[in-house]
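Residue-level structure breakdown
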Amino acid sequence: MKILIINGPNLNMLGIREPEIYGRKTYQDLVHYIEGAAEALDVSTGFYQSNHEGDLVDVIQDAYGKYDGIIINPAAYTHTSVALLDAVKAVGLPTVEVHISDVSTREEFRQVSYIRQAVIGTIAGKGFDGYVEAIKLLLAHENGSEEHQ
Ligand code: DQA
């Protein structure tokens, strides 16, 4: 299985950014951590991070025909972006939404997620482990849909 892991705005600032919420590890640490776990699960990965909404739309569209699933932490665009929701719907790839922090216990404006309508699952508040859980969810989803063929 080939999975694209997309991270949205300010996640390149992991380690510096609000460490009491997001921890002290960097974006590079996150990529290495996911790569190690994915290898053990026999999954191949691609990574993309951008601070720009249109770039994120482009990379989701580009995943069509190249990847079997998407893991996305849309960061602040979770709470604002219909364009990202539409892009995930457009490609039709199984997608999991991940948040490092537990958005459900944070500010009111973080309670809205546009992309949630189009994803097979949401994992929040589990730190970097949430991305590994998302890989397992995509694997289970793929096995489930194979059984139904
Ligand atoms: C986040 C939560 C969002 O509300 C926030 O805007 C982020 C990161 C998380 O991973 O916990 O940038 O998606």
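Below you will find a few notes about this structure. (Residues numbered from 1 in each chain as written. Predicted model: local features only at pLDDT ≥ 70, side-chain atom pairs only at ≥ 80, totals over all residues. Heavy atoms only, no water.)

This part takes up the nonpolar core. In terms of nonpolar packing, the biggest core is built from 22 residues, with I3, L14, L30, I71, I100, Y131 and I135 touching the most fellow members. Of all the secondary-structure elements, those providing two or more residues to this core are strand 1 (2-7), helix 2 (27-40), strand 4 (95-99) and helix 5 (129-147). If one sorts the elements of this core by residue count, helix 2 sits on top with five residues. When near neighbours in sequence (up to four residues on either side) are disregarded, L14 contacts Y22, K25, T26, Y27, L30, I100 and F128. Counting residues in each nonpolar core, the second largest holds 18 residues, with I6, V59, A87 and V91 among its members. (Core = buried A, V, L, I, M, F, W, Y, C linked by side-chain atoms within 4.5 Å. Buried < 20%, exposed > 50% of the residue type's maximum accessible area, 1.4 Å probe, protein only. Helix = DSSP H or I, 4+ residues; strand = E, 2+ residues; numbered from the N terminus. Contact = heavy atoms within 4.5 Å.)

As enumerated under the stated definition, the model contains five salt bridges in all. For E107, the salt bridge goes to R106, with nearest N and O atoms at 3.8 Å. One salt bridge connects E133 with K126, and the closest N-O pair in it is separated by 3.2 Å. The class for K126 is partly exposed, based on a relative accessible area of 43%. Salt bridges here are not isolated pairs; linked through shared partners, they connect R106, E107 and R110. (Salt bridge = Lys/Arg side-chain N within 4 Å of Asp/Glu carboxyl O.)

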